[in-house]
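The chain contents come next:
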Amino acid sequence: FCPTFMQCIARSTHIRSGCCDSPRTFLSRGAGARRVESFLSLLVMYWICKRQLLVVLFAINTNVLPAARDLCTEFMWHKGIGVQRMWEYLLHIFTRWAEQLLVVNVRNELREMEFLQANCTMEDTKFHRLSMERISEMEARYFWITFPFSLALGAVFLGPHLLY
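Residues numbered from 1 in each chain as written. Predicted model: local features only at pLDDT ≥ 70, side-chain atom pairs only at ≥ 80, totals over all residues. Heavy atoms only, no water.

Those residues of helix H7 (residues 132-141) that sit buried are Arg134, Ile135 and Met138. For H7, the buried positions fall inside an angular range of 105° around the axis, keeping them on one side. Opposite the packed face of H7, turned more than 90 degrees from it, sit the exposed residues Met132, Glu133 and Ala140. (Buried < 20%, exposed > 50% of the residue type's maximum accessible area, 1.4 Å probe, protein only. Helix = DSSP H or I, 4+ residues; strand = E, 2+ residues; numbered from the N terminus. Arc of directions from axis to C-beta.)

See below:
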């Protein structure tokens, strides 16, 4: 990788350990790296599971399957509809680039779907992606589902670590 970058990381995570006060980073295997790695992986798993729950709740709330919503999102990215933020523009460019790796011509397939032409507009928000505003709305509306789910995930992910 980059030796100066790695040395900078080692200096910034430097701790004193043992009786000799030899320099050691807390990212080394015995000084907490396993705990940091475990915490980060549990955090990512929690985020993925919580996101999937919110996608299902959003599908129930709007009565639109996630697959239809994904097709509509792909269609709107192809047409450039709703691209307002920089990261949405980057996703639009990445989608165009990723199409080149596929065997199927995505543009022709999307053109042939009349459903997308009729329903995927900026006015009809029923088929839009799950945004940050909608996440907070779903969490508030379905609090008695999301809160116990978060507690159960915490017990499943953290329980074995606490008992071990």
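Turning next to helix H3 (residues 66-79). Its 14 residues place the ends of H3 20 Å apart at the C-alpha level, agreeing with the 20 Å of an ideal helix rising 1.5 Å per residue. Within the sequence span of H3, burial applies to Ala68, Arg69, Cys72, Thr73, Phe75, Met76, Trp77 and His78. (Expected span 1.5 Å × (residues − 1).)

One pass over the structure, following the stated rule, counts two salt bridges. Ionic pairing is found between Glu137 and Arg141, a salt bridge with its closest N-O pair at 3.5 Å. Of the two residues, Glu137 and Arg141 are both situated in helix H7; the distance of four residues between them amounts to about one turn of the helix. (Salt bridge = Lys/Arg side-chain N within 4 Å of Asp/Glu carboxyl O.)

This paragraph deals with the environment of Cys49. Examined against the element boundaries, Cys49 turns out to sit in helix H2 (residues 33-62). Taking the relative accessible area as the measure of exposure, Cys49 reaches 23% and is therefore partly exposed. Here the alpha-carbon distance between Cys49 and Leu153, two residues 104 residues apart in the chain, equals 8.2 Å.

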